[in-house]
Amino acid sequence: MTDQPTFTIHRGGPDDAEAVLRLLDVATAWLVARGRTGQWGTQPPSTDPGQIARADDWAASGGLYLAKRDDQPVGALVVGAATEHVPPATEPELYVRLLVTDRMHTGLGIGARLLEHAADLARARGLGLLRVDCYGGDDRALVRFYESCGFTATEPFTVVRPGREPWPGQILVRRLD
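The sections below set out a description of the structure shown in this document. All of these numbers come straight from a predicted model, not from anything done at the bench.

**Quick word on the side chain of Asp 25**
- Examined against the element boundaries, Asp 25 turns out to sit in helix α1 (residues 17-33).
- As a buried residue without a salt bridge, Asp 25 has its nearest oppositely charged side chain in Arg 22, at a separation of 8.4 Å.
- Setting aside anything within four residues of it in sequence, one finds Asp 25 in contact with Pro 44, Pro 45 and Ser 46.

Spelled out as structure tokens, the structure:
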């Protein structure tokens, strides 16, 4: 018998936008407390109308999955089409649009398990490619996390943000065949 807490993965829906925003708020606060403001800035996403609309879209997309522990969301995964700021894939793919975990539950493998769930979804759809993009700045710790989950970094990119610093991104791919 193990003392390791467990979690389950459930499909999310329109009523789960608030849970996604809470997870994003917790992750943003964690990043800010460590001086890592380049990824998501300093303000809670739940106070940003654009982020609220994005969470609503993710929740209604049919591609939201929540990791739950004791019926409480501790992670979120959104899969679907690639985002507009990355080059299109050269073959059919499933794209990870969001991966966020509750930093209070670090070390349980929630993010890795959600990514494996994304790979399972892609395989079930007959797809051989899973892609994701992430913040590629600072010490590239997030890039290394994805690499530890079987992804390979490919092309970097930059999102130009008028009036703000450019956002350095990294595309990563995972072959499933």
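**Thoughts on the packing of aromatic side chains**
- Applying the stated rule across the entire model yields 4 aromatic pairs.
- Between Tyr 146 and Phe 151 the ring centres are 5.8 Å apart and the planes differ by 80°, which places this aromatic pair in the edge-to-face class. Taken as a pair, Tyr 146 and Phe 151 share a single burial class, namely buried.
- An aromatic cluster is defined as three or more aromatic residues linked by ring pairs; in this entry it consists of Tyr 135, Phe 157 and Trp 167.
- The ring of Trp 30 is capped by Arg 103, whose NZ or CZ atom sits 4.4 Å from the centre of that ring.

**Observations concerning the packing of α1 against helix α2 (residues 49-60)**
- One can describe the packing of α1 onto α2 by two numbers: an axis separation of 8 Å at closest approach and a directional angle of 130°. Judged by the inter-axis angle, α1 sits oblique to α2. Taken as a pair, α1 and α2 cross one another with a handedness that is right-handed. Taking contact as the criterion, the partners of Ala 17, Val 20, Leu 21 and Leu 24 in α1 are, on α2, Gln 51, Ile 52, Ala 55, Asp 56, Trp 58 and Ala 59.
- Of the residues contributing to the contact of α1 with α2, the split by class is 8 nonpolar, 1 polar and 1 charged.

**Here we look at unusual backbone geometry**
- Of note, Asp 138 is a non-glycine position whose phi angle comes to about 55°, a positive value.
- Examined against the element boundaries, Asp 138 turns out to sit in the loop between β5 (129-135) and α4 (141-148).
- Its relative accessible area of 51% is what places Asp 138 among the exposed residues.
- Here the phi dihedral of Arg 140 falls at roughly 60°; this positive angle occurs in a residue that is not glycine.
- Positionally, Arg 140 belongs in the loop between β5 and α4.
- Overall, the relative accessible area of 31% leaves Arg 140 in the partly exposed class.

Conventions we followed
- Residues numbered from 1 in each chain as written.
- Predicted model: local features only at pLDDT ≥ 70, side-chain atom pairs only at ≥ 80, totals over all residues.
- Heavy atoms only, no water.
- Helix = DSSP H or I, 4+ residues; strand = E, 2+ residues; numbered from the N terminus.
- Buried < 20%, exposed > 50% of the residue type's maximum accessible area, 1.4 Å probe, protein only.
- Lys, Arg positive; Asp, Glu negative; His and termini not counted.
- Salt bridge = Lys/Arg side-chain N within 4 Å of Asp/Glu carboxyl O.
- Contact = heavy atoms within 4.5 Å.
- Phe/Tyr/Trp six-rings, centres within 6.5 Å; stacked < 30°, edge-to-face > 60°.
- Lys NZ or Arg CZ within 6 Å of the ring centre and 35° of its normal.
- Axes fitted to C-alpha atoms, helices over the stretch in contact; angles between N-to-C directions.
- Parallel < 35°, antiparallel > 145°, perpendicular 65-115°, else oblique.
- Left-handed = near helix turned anticlockwise from the far one by under 90°.
- Nonpolar A, V, L, I, M, F, W, Y, C, P; charged D, E, K, R; others polar.

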